[in-house]
Amino acid sequence: MTNSNYAGIPDEYAGLENASIVLIPVPYDGTSTWQKGADRGPSAFLDASRNMELYDIETDSEIYHHGIHLAPSITENSSPEKMVKAVHAATKKFIKKNKFVTLFGGEHSISIGSIRAFSEMYENLSVLQIDAHADLRKEYGGSTCNHACAVYEASQNANLIQVGIRSMDSIEVGVNDEEKVFYAHEMITDDYWLEKATEALTENVFITIDLDAFDPSICPSTGTPEPGGLLWYETLEFLKMVFAEKNVVGFDIVELCPNPAEKSSDFLAAKLYYKMLSYKFKHIALEGESGYDADKSFARVGLKKMKDTAN
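Predicted model, so just to flag it, every value in this text is computed and none were measured.

Student: Can you help me understand the overall build of the protein chain in this one?
Tutor: Scanning the protein chain from terminus to terminus reveals 8 helices and 8 strands. Over its C-alpha trace the protein chain gives a radius of gyration of 18 Å, about what one expects of a compact globule, namely 19 Å for 311 residues. If you line up the protein chain on its principal axes, its C-alpha atoms span 55 × 45 × 45 Å. Expressed as a percentage of its 311 residues, the buried residues of the protein chain come to 58%. Sequence-distant contacts in the protein chain: of pairs separated by 6 or more residues, those separated by 24 or more amount to 77%. Summed over its atoms, the accessible surface of the protein chain is roughly 13600 Å², and 48% of this surface lies on carbon and sulfur atoms.

As C-alpha cells, this is what we get:
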C-alpha cells in the first residue's frame, strides 16, 4: 500500500490498466473573485480520503475494488483558456480508454473542459449542475473560461438542469430554460423536486457539483458560501435517484477552499465523492463475479462512435 494512491488503496486497485475509475485532480484557482484557495482543494480532498473508511454501509460495498486510478494533476495555469484545453484533452483521453472519468477541482472553470469532453463523446448528454450560483455568464473578467461562465457553454450545447440555485446576476436570467432551473427557495416547499429534476434529464448524464451548493452550516470551506443550501441526506437521496434511473457517465466536484482550522468540509467532499462512486458501481459486477461482461462495459453505453482524432 502506498500513500500516493487515492484513499491509500492497495497498489493492485490503483493501476490504470485494471482500474474502472480515473480521478483527475485539477488544482486551479486562476479566476475566482472572492476567497482564494481552491487550488489547494484537491490536496485537502485526497488527505481526507486517506482518513476515510472504505466500506459504505448504505450500499454494503467497497467500491475501490473496482479500481480507482489517481491520474497526474493538471497543473496548466498560464491562462484560463489553456487550463480548459488541458482539462478537455485529459478527460477525453481517459474516456477513450473506457474509464469512468471523475475530476476534483479547483474552481468551477475546470468544468468547462470536462463538460466539453463528455459532450463530444456521449450522445444526447444532460449536464446536471448542483450549485448555489447560476454560472451562466457568457464572459466575465475578460474571459469565456471564467468560473462565472462554468456552464454557459453547456446551456447552449447540452440539456442543462440546474439544482440548488440561489444567487445569480440579472444578465443570466433566461439564458437557460427556466423550466429546468430548480431554485433553492422553491425546492424548500416542493415535495417533488427530486422527481421533477430527474425526469428532466436525458439518459446520459454528467454531474458537476459546486460544493457551495451545500448549506454553509455543513460545508463552510468554499470560495463563495451562500446561505440556504442543500443538506447532506437530501442531496444523497437526489443523487441516488439520478444514479438509479439514469446513466451517469462521469462527474466533477469543485470549489473546495480548505481552511486548516475546519476539516469537516474536506471530509464532506471526500465522502461525497466515494458515495457517488458507490451509487454508480454497487450493481456492476467485478471481473470474475457472476454477471461480469467485459463487452458490455458501463462506459460504453451511449458513447458516440469513436473518432481517430486525438482532439
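And the narrative resumes.
Student: Looking at this structure, how should I read the side chain of glutamate 172?
Tutor: In this fold, glutamate 172 is placed in the loop between strand 5 (159–165) and strand 6 (181–183). Given a relative accessible area of 2%, glutamate 172 falls into the buried group. Separated by 3.2 Å, the side chain of glutamate 172 and the backbone nitrogen of aspartate 135 make a polar contact. Residues contacting glutamate 172, with those up to four places away along its chain left out, are Ala134, Asp135, Leu136, Arg137 and Ala148.

What counts and what doesn't
Residues numbered from 1 in each chain as written. Predicted model: local features only at pLDDT ≥ 70, side-chain atom pairs only at ≥ 80, totals over all residues. Heavy atoms only, no water. Helix = DSSP H or I, 4+ residues; strand = E, 2+ residues; numbered from the N terminus. Rg over C-alpha atoms; globule rule 2.2 N^0.38 Å. Buried < 20%, exposed > 50% of the residue type's maximum accessible area, 1.4 Å probe, protein only. Contact = heavy atoms within 4.5 Å. Areas by Shrake-Rupley, 256 points an atom, 1.4 Å probe, with all protein chains shown as cover. Polar contact = N/O pair within 3.5 Å; in protein donor to acceptor, adjacent residues only side chain to side chain.

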